[in-house]
Amino acid sequence: MAKVLIIGGGFAGIWAAAGAVRARRAAGAPDDTVAVTLVDAGDDLVIRPRLYEAGPERMRVPLDRFLGPIGVRRVAATVTDIDTAARRVTALTRDGAPTHLDYDRLVLAAGSRLVTPGIDGAQHLFDVDTLPAAAALDAHLRQLPGTPAGEGRFTVVVVGAGFTGLEVATELTARLRTVTDEPVRVVLVERLAVVGPELGPGPRLEICSALAGTGVEVLLGSGVAAVDPAGVTLGDGTRIPARTVVWTGGMRASVLTGRIPGTRDGLGRLEVDEHLRVRGADGVYAAGDTAAAVAEPGHVVMQSCQHAVPQGKHVGANVAADLLGLPLVPFAPDPYVTCLDLGPWGAVLTTGWERTVALTRDEAKQLKRKINSEWIYPPLDDAETILHHADHRTTWPTATVAGSA
Ligand SMILES: Cc1cc2nc3c(=O)[nH]c(=O)nc-3n(C[C@H](O)[C@H](O)[C@H](O)COP(=O)(O)OP(=O)(O)OC[C@H]3O[C@@H](n4cnc5c(N)ncnc54)[C@H](O)[C@@H]3O)c2cc1C
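Residues numbered from 1 in each chain as written. Predicted model: local features only at pLDDT ≥ 70, side-chain atom pairs only at ≥ 80, totals over all residues. Heavy atoms only, no water.

Peer 1: Go over the site of the ligand with me, naming the residues and quoting the values.
Peer 2: In the vicinity of the ligand there are 29 residues, among which Asp40, Arg48, Val79, Asp289 and Cys305 approach most closely. At a separation of 2.9 Å, an oxygen atom of the ligand approaches a polar backbone atom of Ala12. For the ligand, an oxygen atom lies 3.1 Å from a polar atom in the backbone of Gln306. The set of elements that each furnish at least two residues to the shell around the ligand consists of helix 1 (11-26), strand 5 (73-83), helix 4 (163-177) and helix 6 (305-324). Within the shell around the ligand, the residues separate by chemical class into 13 nonpolar, 11 polar and five charged. When residues of the shell around the ligand are sorted by domain, at least three fall in each of domain 1 (2-113 + 251-335) and domain 2 (116-247). (Near = heavy atom within 4 Å. Polar contact = N/O pair within 3.5 Å; in protein donor to acceptor, adjacent residues only side chain to side chain. Helix = DSSP H or I, 4+ residues; strand = E, 2+ residues; numbered from the N terminus. Nonpolar A, V, L, I, M, F, W, Y, C, P; charged D, E, K, R; others polar. Domains from an automatic or database assignment.)

Peer 1: Explain the pairing of strand 12 (residues 216-220) to me, and be specific about the residues and the numbers.
Peer 2: Sheet topology places strand 11 (residues 185-190) next to strand 12; five bridges connect them, and they run parallel. When the bridges of strand 12 are listed, Val189 appears paired with Leu219. A crossover connection joins strand 11 to the parallel strand 12 through helix 5 (residues 204-213); in handedness this β-α-β unit is right-handed. (Pairing = 2+ DSSP bridges. Right-handed = clockwise from strand over helix to strand, strands pointing away.)

Peer 1: Run through helix 5, naming residues and quoting values.
Peer 2: For helix 5, the complete set of buried residues consists of Arg204, Glu206, Ile207, Ala210 and Leu211. For helix 5, the buried positions fall inside an angular range of 160° around the axis, keeping them on one side. In helix 5, the exposed residues that point more than 90 degrees away from the buried face are Leu205, Ala212 and Gly213. Each element contacted by the buried residues of helix 5 is listed here: helix 4, strand 11, strand 12, strand 23 (337-341), strand 24 (347-351) and strand 25 (356-360). (Buried < 20%, exposed > 50% of the residue type's maximum accessible area, 1.4 Å probe, protein only. Arc of directions from axis to C-beta. Contact = heavy atoms within 4.5 Å.)

Peer 1: Describe the pattern of salt bridges, and please don't skip the residues or the numbers.
Peer 2: The final tally for this structure, using the stated rule, is 27 salt bridges. Residue Asp43 is joined to Arg74 by a salt bridge in which the shortest nitrogen-to-oxygen separation is 2.9 Å. Placement of the pair is Asp43 in the loop between strand 2 (34-40) and strand 3 (44-46) and Arg74 in strand 5, with a sequence separation of 31 residues. On the accessibility criterion, Arg74 (23% relative accessible area) is partly exposed. The partner of Asp102 in a salt bridge is Arg88, with the nearest N and O atoms 2.9 Å apart. Here Arg88 lies in strand 6 (residues 88-93) and Asp102 lies in strand 7 (residues 98-102), a separation of 14 residues in the sequence. When its relative accessible area of 35% is taken as the criterion, Asp102 is described as partly exposed. One salt-bridge network, in which partners are shared between bridges, spans Asp43, Asp64, Arg74 and Arg94. (Salt bridge = Lys/Arg side-chain N within 4 Å of Asp/Glu carboxyl O.)

Peer 1: Describe the packing of aromatic side chains, with residues and values.
Peer 2: Tallied over the full model, the rule gives two aromatic pairs. Taking the centre distance of 4.2 Å and the plane angle of 15° together, the rings of Tyr336 and Trp353 count as stacked. Taken together, the residues Tyr336 in the loop between helix 6 and strand 23 and Trp353 in the loop between strand 24 and strand 25 connect sequence positions 17 residues apart. Accessibility classification places Tyr336 together with Trp353 in one group, the buried group. Sitting above the plane of the Trp15 ring, Lys313 keeps its charged end 4.6 Å from the centroid. (Phe/Tyr/Trp six-rings, centres within 6.5 Å; stacked < 30°, edge-to-face > 60°. Lys NZ or Arg CZ within 6 Å of the ring centre and 35° of its normal.)

Structure (structure tokens):
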């Protein structure tokens with residue numbers, strides 16, 4: 001029996017598992033020809049794109065309801081090492097015992113993590129990168145009214161005006177108002193001279209309008225030098241009293257990418273070929289936030305669900321095909337779109353890599369709600385539905401909406 005091992009039960013990992021099972025079935029190969037195992041440190045698929053919302057504890061889906069029905073074995077353990085020569089992975093189980101998992105084909109889908117800054121008082125920063133971190137911020141906001149009155153009690157400083165910083169900041173004024181009737185203040189601090197620097201000029205007008213409309217103060221060209229429980233100090237010495245500081249800096253691929261021979265890009269992602277095989281590492285594939293796959297000529301994928309899901313489906317099809325001696329399929333995602341939540345102002349949907357605005361305000365917000373509450377959730381419990389959606393040729397509904405916008 002050939003063994004596929006997938007590291008990571010995020011968006012790329014679960015769809016890699018389903019894609020492999022689907023491809024094995026489609027090839028008419030018996031179940032015992034290719035066994036699929038997924039190892040993840042947790043028990044749930046965490047819906048990371050929703051962690052900026054209130055009540056983040058809800059943003060998860062039990063992995064067993066997706067993997068169980070399609071016959072994928074799940075191992076609850078934290079991977080600590082990958083030996084590509086021996087084709088063996090070492091992991092620590094929940095009780096701290098080391099375990100070894102052998103593979104014929106490995107899919108690294110261990111995702112990414114927020115890069116925290118090396119500034120004084122970094123331990124006082126909140127973030128929305130992981131479920132525990134988002135839950136800690138949520139609990140902290142809700143207990144603010146019980147803390148001693150004083151300057152900065154209901155002030156939140158959000159550091160970084162990228163995609164996540166914008167979603168967090170525009171949501172926060174309304175979130176703070178649910179905990180207090182006192183005046184609230186949200187300050188967005190960005191090191192560069194523009195908001196949404198990585199989003200380009202396309203949606204900037206809408207972003208500025210939303211920041212103004214939701215009452216977010218914007219400080220551009222300002223870096224944070226130090227943080228303490230009572231506020232932040234900017235590089236130019238400006239002091240902002242604030243009991244809450246949320247860091248939204250950059251994301252970097254899992255450290256496990258460093259255990260695999262191969263070239264990595266500036267985000268720590270492994271270079272992969274068009275079939276998502278890691279260049280220079282025999283039998284190893286990568287998908288999602290760990291892979292620098294080419295989305296279209298001249299464009300590498302974004303660290304996003306939009307690209308992690310189709311990468312998962314393609315990589316799953318390819319590991320099964322590889323083991324069964326069948327042709328591999330080249331990675332081909334849907335046309336690129338961005339849907340940015342801008343709080344009570346609405347949202348903005350852009351199409352293409354130039355990010356041309358296609359929908360704004362309520363229309364875009366309705367779409368964002370659909371994405372966040374329906375489309376990013378995988379089907380559960382029913383094997384046929386799961387495997388139907390695991391086909392790498394299926395498109396996301398956003399592709400249709402963007403095409404008709
Ligand atoms: C606040 C926020 C908002 C976002 N908004 C959007 C958005 O609007 N649209 C969009 O497309 N994307 C968005 N993203 C990005 C998106 O969430 C990621 O790109 C996506 O989750 C990547 O999927 P993945 O499967 O590669 O990794 P992940 O979802 O990170 O999953 C990785 C999995 O690997 C597991 N793992 C990691 N290390 C180990 C280990 N050593 N051992 C065992 N298991 C391990 C983790 O537990 C996790 O389950 C957002 C992210 C955040 C944080």
